Amino acid sequence: MSTRIVEVRRNILKKNDLAAAGLRQRFRDSGMFVASVVSSPGAGKTAFLERTLAMAAAAHPVAALVGDLATECDAERLRRSGAPVRQITTGTVCHLDAEMVEQALEKWPPGGCEWLFVENVGNLVCPASYDLGEDLRVVLVSVTEGEDKPLKYPTIFNTADLAIVTKIDLAGAVDFDRAALLRNIDTVRPGLEVLEVSARSGAGFDEWMTWLAQRANALC
Amino acid sequence: MHELSIALSLVDAVCDELPRLGERVSVRRVVIRVGALSGVVPAALKFAYDVATEGSPIAGSGLDIEEVAGRVLELKGVEVVDANR
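In short, a report on the structure. (Residues numbered from 1 in each chain as written. Chains lettered and ligands numbered in written order. Predicted model: local features only at pLDDT ≥ 70, side-chain atom pairs only at ≥ 80, totals over all residues.)

**Looking at the overall build of chain B**
Looking only at helices and strands, chain B features two helices and three strands. When its helices and strands are written in sequence order, chain B yields α-β-α-β-β. Computed over the C-alpha atoms, the radius of gyration of chain B is 13 Å, within 12% of the 12 Å expected from 2.2 N^0.38 for a compact globule of 85 residues. Across its three principal directions, the C-alpha atoms of chain B cover 40 × 25 × 15 Å. For chain B, the residues scored as buried account for 35% of the 85 residues in total. Intrachain contacts of chain B at a sequence separation of at least 6 include 87% that bridge at least 24 residues. (Helix = DSSP H or I, 4+ residues; strand = E, 2+ residues; numbered from the N terminus. Rg over C-alpha atoms; globule rule 2.2 N^0.38 Å. Buried ≥ 20, exposed ≤ 12 C-beta atoms within 10 Å, placed from the backbone. Contact = placed C-beta atoms within 7 Å.)

Printed below as a string of C-alpha cells:
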C-alpha cells in the first residue's frame, strides 16, 4: 500500500463556469443582452426592475428572471410591467447558479427578446462566486443601508460592472453621506462607475437607460 | 454562507477525477487553493466539507486549504492511497 499526490488543477466551480459559458454563447447567438442585478435584501432590486422593465420595454422586447428562496411575489410585481417574467425559487440556496438559469430558460423567454434582466437572491456574499453567463452585473446599494457596505462586502463590488445607489429620495431622511459611500466604493473597486436613482420618483433612470443602451449596443 | 454549495461542487470535481486515478484507490486528502477575494471562508468550507463528503466515494478524506491571493478557487490535487502497490 502506498500513497501518492496527484495534481489536478481545476476550478472547483468548473461545472458552473462551463454552464455559464454555454449560456453566454447562447445569448450572443440569439442577440440577447443580459444584465444581472445583485444587492442585499431590501435594497430595492424589485422596485428598481419594475421601473427598468417599464422603461426599457418601450424600446426593446424585455424579459426578467427573478430568484428568491420562496414565493412568486417578486415575479407577480414585475409582471405588472407587461414583460414576461419567470420566478426561480431556490429553496434554501442563497444564490442563483448557472444551471438554475439554464433550467429557467428552457423554451423561454419568447422569441425576439432583446434584453433579459436577472434579479439574484438578495445577498451580497454568495452571488459573487457564481457566473450566470450575464453580460454585466449591477450591484445596488440603498441610501438606508449605511455608507460602509462596500467596505464590508468588497467581493461583490469587485465582480460588478456598475454600482447603483438606490432610494436617493430618502437620502435626506437618513442623513445619507454621499461622499463617504462614493469614497468607499472607490476604495474597494477603484474606477467603478456609479449611478444614483430613485425608483419612486424616477430620478436617475434616464442615465441608467442610456448607460445600459450603450453597453448593449457595444455587444449585440 | 454558500460554503456548502462550494463543498458539494468540490466533491463533484474530485469524484470526476476518480476514474483517472486508477482502481482500488482511495482519496485520503484533498488539497485546494482559496483566494482571499474568492468570497469563500476557509473555516466554513472545512466544516461543510465533512457534511458534503458524507456518503460519497471520498467520505472520510481530509481537506487541506492553501490560502492565496486573488479570486482563485481551485482543486489543486489529491493524495490517494493505492491498495495495489
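**A short note on the overall build of chain A**
Counting its secondary structure elements, chain A contains eight helices and eight strands. Relative to its length of 220 residues, chain A is compact, with a C-alpha radius of gyration of 18 Å against a globular reference of 17 Å. Taking the principal axes of its C-alpha atoms as reference, chain A extends roughly 70 × 40 × 35 Å. Expressed as a percentage of its 220 residues, the buried residues of chain A come to 42%. Long-range contacts, defined here as pairs at least 24 residues apart, represent 73% of the contacts in chain A between residues at least 6 apart.

**Focus: the interface of chain A and chain B**
Between chain A and chain B, the contact holds 24 residues from the first and 28 residues from the second. Breaking the side of chain A that touches chain B down by element, the ones donating at least two residues are strand S1 (2-11), helix H1 (14-29) and helix H6 (154-158) of chain A. The element best represented in the side of chain A that touches chain B is S1 of chain A, accounting for ten residues. Of the residues that constitute the side of chain A that touches chain B, the class distribution is eleven nonpolar, seven polar and six charged. (Nonpolar A, V, L, I, M, F, W, Y, C, P; charged D, E, K, R; others polar.)

**As for the sheet that holds strand S3 (residues 73-82) of chain B**
Taken in spatial order, the four strands of this open sheet run S1(A)-S3(B)-S1(B)-S2(B), and their pairing is mixed. Since the sheet does not close on itself, it has two edges, and those belong to S1 of chain A together with strand S2 (62-68) of chain B, each with one partner. Strand-to-strand twist of the sheet, defined as the mean angle between neighbouring strand axes without regard to direction, takes the value 20°. (Pairing = 2+ DSSP bridges. Axes fitted to C-alpha atoms, helices over the stretch in contact; angles between N-to-C directions.)

**Some thoughts on the nonpolar core**
Core analysis: the biggest nonpolar cluster contains 56 residues, and Val 37, Ala 64, Val 101, Phe 117 and Val 139 of chain A have the highest contact counts within it. Apart from residues no more than four positions distant in its own chain, Val 101 of chain A is found in contact with Leu 23, Leu 65, Leu 96, Val 118, Leu 132 and Gly 133 of chain A. The next biggest cluster of nonpolar side chains, apart from the first, holds 23 residues, and it includes Ile 12 of chain A together with Ala 48, Tyr 49 and Ile 58 of chain B. (Core = buried A, V, L, I, M, F, W, Y, C linked by C-beta atoms within 7 Å.)

**Things to note about helix H7 (residues 178-188) of chain A**
Given 3.6 residues per turn, any residue in an α-helix points the same way as the ones three and four places further on. All names here are of chain A. Buried residues of H7: Leu 181, Asn 184 and Ile 185, and no others. Each buried residue of H7 sits inside an arc of 100° when the element is viewed along its axis, so together they form one side. Set apart from the buried face of H7 by more than 90 degrees, the exposed residues are Ala 179, Ala 180 and Thr 187. Here the buried face of H7 lies against helix H5 (149-152), H6, strand S7 (162-166) and strand S8 (194-196). (Arc of directions from axis to C-beta.)

**Examining unusual backbone geometry**
All names here are of chain A. Residues Trp 108 and Pro 109 are joined by a peptide bond in cis, for which omega reads -5°. Relative to the helices and strands, Pro 109 resides in the loop between helix H4 (98-104) and strand S5 (115-119). Unusually for a residue other than glycine, Asp 175 sits at a positive phi of about 50°. Looking at the secondary structure, you find Asp 175 in the loop between S7 and H7. Since 7 C-beta atoms lie within 10 Å of it, Asp 175 is described here as exposed.

**Considering the environment of Leu 132 of chain A**
Along the chain, the position of Leu 132 of chain A falls in the loop between S5 and strand S6 (136-142). Expressed as a C-alpha distance, the spacing of Leu 132 of chain A and Arg 28 of chain A, which sit 104 residues apart in the sequence, is 14 Å.

**A closer look at helix H2 (residues 45-56) of chain A**
Between its first and last C-alpha, H2 of chain A extends 16 Å over twelve residues, near the 16 Å set by a 1.5 Å rise per residue. Listed as buried for H2 of chain A are Lys 45, Thr 46, Phe 48, Leu 49, Glu 50, Thr 52, Leu 53 and Ala 56 of chain A. (Expected span 1.5 Å × (residues − 1).)

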